[in-house]
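# Observations on the three-dimensional arrangement
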Amino acid sequence: PASAPPLVRMVAVGFSVLGFIYNLTLMGTAVEGMRGAILTYKEMYSRISATGHVLVLGWGDKTPTLLCELLAREKLEGEPRWRCCRRRGIPVVVLADRPVNEMQ
């Protein structure tokens, strides 16, 4: 109430602030956990439907060089759809145990 002593009001405000921070932390943790689970599910169970593609199995130190050589070969064959390390027309599918952002 408004007639409560200042100490009681300060304790009430303190508990309100701490409760607010606790709820923000709890909800933030729950949301981040769900976001991580959704991203993991998306990476593990998403499907790619492509035809006429180049398939590279695995990722290593020489894979970017291999991709550049593949693209340079296509460029020399008269198909100007390719630039080194950028795909233009034909999809390149890499099957590896790494996240996509590490391979780009």
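Right above here is the structure, for reference.
Residues numbered from 1 in each chain as written. Predicted model: local features only at pLDDT ≥ 70, side-chain atom pairs only at ≥ 80, totals over all residues. Heavy atoms only, no water.

### Examining the side chain of Thr63
Using the following cut-off: Where helices and strands are cited, they refer to DSSP runs of H or I of at least four residues and of E of at least two residues respectively, numbered from the N terminus. Any two residues whose heavy atoms approach within 4.5 Å at even a single point are treated as in contact.
Within the secondary structure layout, Thr63 lies in helix H2 (residues 63-76). Not counting residues within four places of it along the chain, the set of residues in contact with Thr63 comprises Val56 and Gly58.

### Concerning a nonpolar patch on the surface
Put simply, the rule is: Each patch is built from salt-bridge-free residues with over 30% relative accessible area, joining like charges within 9 Å and nonpolar side chains (Val, Leu, Ile, Met, Phe, Trp, Tyr) within 5 Å. Areas reported as accessible are Shrake-Rupley estimates using a 1.4 Å probe. Residue values count occlusion only from the protein chains shown. We define a salt bridge as a side-chain nitrogen of Lys or Arg found within 4 Å of a carboxyl oxygen belonging to Asp or Glu. For every residue, the accessible area obtained with a 1.4 Å probe (protein chains only) is divided by the maximum for its type, and the residue is called buried under 20%, exposed over 50%, and partly exposed between those limits.
The grouping of Val13, Val17, Phe20, Ile21 and Leu24 at the surface amounts to a nonpolar patch, some 490 Å² of accessible area in total. Classification of Val17 by relative accessible area gives partly exposed; the value is 44%.

### Here we look at the packing of aromatic side chains
Our working definition: The pairing test for Phe, Tyr and Trp rings, Trp by its six-membered ring, is centres within 6.5 Å, and the orientation test on the planes gives stacked under 30 degrees, edge-to-face over 60, and tilted for anything in between.
Overall, the coordinates contain one aromatic pair when judged by the stated rule. Look at Tyr41 and Tyr45: their rings are 5.0 Å apart centre to centre, the planes differ by 45 degrees, and that puts the pair in the tilted class. On the criterion of helical spacing, the pair formed by Tyr41 and Tyr45 is a turn pair, its members being four residues apart in helix H1 (residues 6-45). The exposed category is assigned to Tyr41, whose relative accessible area is 55%.

Distances and angles like these do not, on their own, reveal function.
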